[in-house]
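Each chain is listed here by its residues.
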Amino acid sequence: MKIVSVILARGGSKGIPNKNIVEINGEPLISYTINASKQSQIQETWVSTDCDKIKKVSSKYGARVIDRPELISGDLSQSEEALIHFSKNVNFDILVFIQPTSPLIQASDLNKGINLIMKKEQKYDSVFSVYTEHWIPRWTTEIKPKNWDIYQRPMRQEMMEEYVENGAFYITKKENLLKSKLRYSGRIGIVKMPNYRSFQIDTLDDLKLIEKLL
């Protein structure tokens with residue numbers, strides 16, 4: 001079974017210019033996920049991008065690069081479009097899709113997911129990363145309780161925990177991806193990551209926080 005990873009890293013970023021290669025503690029953001037991939041059971045680490053700067057940085061840190069067509073590199077382009085493009089141009093059996101905005105990911109997280117897919121007795125077709133969230137009172141933008149009643153406020157221990165998709169990585173079999181056109185399908189499993197390593201960088205505030213965590 002050939003296991004490869006792909007990190008999708010478009011050049012365009014409005015919130016943080018050049019976000020995928022912005023420096024965090026002296027290293028480009030994308031280098032953290034490249035390193036985690038290379039230290040795991042993954043056999044080939046790829047970056048799919050439309051940006052020459054990202055290509056150079058990715059190659060420097062040991063990733064292979066595939067050109068992401070302009071047609072599927074816009075602000076409204078879906079990640080699945082790039083994953084399918086990658087799948088049609090690279091030979092593999094299992095794909096690990098890693099988000100470059102999750103620099104706190106570790107090789108051990110990726111290995112846990114790969115092992116779930118590889119174990120025949122589990123029969124998982126896809127796996128993705130989550131963190132566990134205890135119930136907290138949420139409100140709508142109209143200042144109305146969301147799925148709870150202020151007159152019967154539940155206690156936290158009475159409510160079921162939930163898994164929250166943290167967006168760090170998704171693993172799936174090539175045949176499932178091409179058939180479903182989705183990053184996960186079939187029998188789906190999860191890999192739990194701690195909340196403090198589930199942050200993604202989308203804003204400058206996120207960037208400052210993660211700099212302190214790394």
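The following paragraphs examine the structure supplied in this document. (Residues numbered from 1 in each chain as written. Predicted model: local features only at pLDDT ≥ 70, side-chain atom pairs only at ≥ 80, totals over all residues. Heavy atoms only, no water.)

So, the pattern of salt bridges
According to the stated counting rule, one finds 10 salt bridges in the structure shown. Look at the salt bridges and you will find they share partners, linking Lys2, Glu44 and Arg64 into a network. (Salt bridge = Lys/Arg side-chain N within 4 Å of Asp/Glu carboxyl O.)

Quick notes on the packing of aromatic side chains
Enumeration according to the criterion identifies 8 aromatic pairs in this entry. Ring centres of Trp135 and Trp148 lie 6.0 Å apart, and the angle between their planes is 85°; this geometry places the pair in the edge-to-face category. Taken together, the residues Trp135 in the loop between strand S7 (126-133) and strand S8 (162-173) and Trp148 in the loop between S7 and S8 connect sequence positions 13 residues apart. Assigned by exposure class, Trp135 and Trp148 land together as buried. Between the aromatic rings of Tyr170 and Tyr184, the centroid separation amounts to 5.7 Å while the plane-to-plane angle is 65°, which identifies the pairing as edge-to-face. A residue pair is termed long-range when its members are at least 10 positions apart, and Tyr170 in strand S8 and Tyr184 in the loop between helix H5 (174-180) and strand S9 (188-192) qualify at 14 residues. Given the relative accessible area of 4%, Tyr170 is considered buried. Cluster of aromatic residues (ring-pair linked, three or more members): Phe97, Phe128, Tyr170 and Tyr184. The side chain of Arg187 reaches across the aromatic face of Tyr124, ending 4.5 Å from its centre. (Phe/Tyr/Trp six-rings, centres within 6.5 Å; stacked < 30°, edge-to-face > 60°. Helix = DSSP H or I, 4+ residues; strand = E, 2+ residues; numbered from the N terminus. Buried < 20%, exposed > 50% of the residue type's maximum accessible area, 1.4 Å probe, protein only. Lys NZ or Arg CZ within 6 Å of the ring centre and 35° of its normal.)

Thoughts on helix H2 (residues 52-60)
Of all the positions in H2, only Ile54, Val57 and Ser58 are classed as buried. Down the axis of H2, the sector holding all buried residues measures 100°, keeping them to one side. Looking at H2, the residues exposed on the side facing more than 90 degrees away from the buried face are Asp52, Lys56 and Lys60. Taken together, the buried residues of H2 touch strand S3 (27-28), helix H1 (29-38), strand S4 (44-49) and strand S5 (64-67). Just downstream of H2 lies Gly62, where phi reads positive at about 95°. (Arc of directions from axis to C-beta. Contact = heavy atoms within 4.5 Å.)

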